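# Structural overview for review
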Amino acid sequence: MNDDRLHSPAAEKNLRHITELVCSVSPENGVALEIASGTGQHIIKLASVIPSLTWQPSDIDQTRLNSIVSWSFEKQLPNLLPPIKLDVTDEGWSALCPNQDFILLVNLLHLVSESEAKVIISEISQSLTPGGRCVIYGPFMRDGFLTSDGDKLFHQSLIEADQDIGYKDDSWLLHLFQNHNLKTVKIANMPANNLAFVLEKKHLKRS
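Attention here is on the structure that accompanies the text. Computed from a predicted model, the values in this text were never measured in an experiment. (Residues numbered from 1 in each chain as written. Predicted model: local features only at pLDDT ≥ 70, side-chain atom pairs only at ≥ 80, totals over all residues. Heavy atoms only, no water.)

### Quick notes on the overall build of the chain
Applied cut-off: Each helix is a run of DSSP H or I of at least 4 residues and each strand a run of E of at least 2, with the numbering of both proceeding from the N terminus. For each residue, the accessible area found with a 1.4 Å probe, counting protein chains only, is set against the maximum for its type, and the residue is called buried under 20%, exposed over 50%, and partly exposed in between. In what follows, a contact means two residues having at least one pair of non-hydrogen atoms within 4.5 Å. Values of accessible area rely on a 1.4 Å probe in the Shrake-Rupley scheme; residue burial ignores everything except the protein chains shown.
For the chain, the count of helices and strands is six helices and eight strands. In the chain, the order of α-helices and β-strands from amino to carboxyl end is α-β-α-β-β-α-β-β-α-β-α-α-β-β. Structurally, the chain occupies a C-alpha span of about 50 × 45 × 30 Å along its principal axes. Residue burial in the chain is summarised as follows: out of 207 residues, 47% are buried. Considering only residue pairs separated by 6 or more positions, the chain has 73% of its internal contacts joining residues 24 or more positions apart. Of the roughly 10,500 Å² of accessible surface on the chain, 50% is carried by carbon and sulfur atoms.

Right under this line is the structure:
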């Protein structure tokens, strides 16, 4: 088999911190979806350290899907499913991934528009089972401000490439989560000035 494994230094750098966070907040068992799995480095590690969850990798890019397959082939983890091609900016994608107990999204929201971010959060809520949890990790504004020189430079480079994308504001996201039946359980400060939002889908109250 061809070795199509990709290696992301950024994924390697944040792997330990993301793994520790996910281990502390994820359910003990069930099914878990990683959105935009990229190279596959995150989900390979998570599937190995949380064997009681069945992990579903996904991505929109075929080269990255091939990388995930190669990483999977090397590790041969019984709780790691074959990756699926998934565009989470498409309305209705949650129907392809229903009743998830856990969803992980790393470093994507700053690469999409606000309208696409709204679709992603809405569909995450629909994909989660009541009581299911989600971790959203990445760089964000704080109350409308960029809080480091690195963030300012990165955000500027993003909007120069596409004026519709760039950092999303934490307060804007908190309102968006609330509007989609997602309770914010925790906001964790992560390395390199990143944030991780830990969300839980609320149980619907019976009338």
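Now, onward.
### Digging into the pairing of strand β8 (residues 194-201)
The condition is simple: When DSSP finds two or more bridges between two strands, those strands count as paired.
For β8, the buried fraction is high: seven of the eight residues fall into the buried class. When strand β6 (residues 128-138) meets β8, the two strands line up antiparallel, connected through six bridges. Of the residues in β8, the one forming a bridge with Ile136 is Phe197. In sequence, strand β7 (residues 182-190) turns back onto β8 through a hairpin of three residues, with Ala192 there showing a positive phi of about 60°.

### A few points about the sheet that holds strand β2 (residues 53-56)
Test applied: Structural elements are reduced to axes, namely lines fitted to C-alpha atoms, with helices fitted over the stretch in contact, and the angle between N-to-C directions of any two is expressed from 0 to 180 degrees.
Across the sheet, six strands lie side by side as β2-β1-β5-β6-β8-β7; this open sheet has mixed pairing. Here the strands that pair on one side only, and so sit at the sheet edges, are β2 and β7. Taken over all neighbouring pairs, the strand axes of this sheet differ in orientation by 20° on average, direction set aside. The sheet strands contacting helix α2 (residues 41-49) are β1 (30-35), β2 and β5 (100-106), and the helix crosses β2 at an angle near 165°. Each of β1, β5, β6, β7 and β8 is contacted by helix α4 (residues 114-127), which is oriented at about 145° to β6, the strand it contacts most.

### A few points about α2
For α2, every residue scored as buried is listed here: Gln41, His42, Ile43, Ile44, Leu46 and Ala47. Elements that come into contact with the buried residues of α2 comprise α1 (9-25), β1, β2, α3 (62-75) and β5.

### With respect to the side chain of Thr19
The condition is simple: Side-chain atoms alone can form a polar contact between residues adjacent in sequence; in general such a contact is a pair of N or O atoms within 3.5 Å, and within protein one must be able to donate a hydrogen while the other accepts it.
Position of Thr19 among the secondary structure elements: in helix α1. From its side chain, Thr19 meets the backbone oxygen of Leu15 in a polar contact 2.7 Å long. The residues touching Thr19, leaving out its near neighbours within four places in the chain, are Lys45, Leu46 and Val49.

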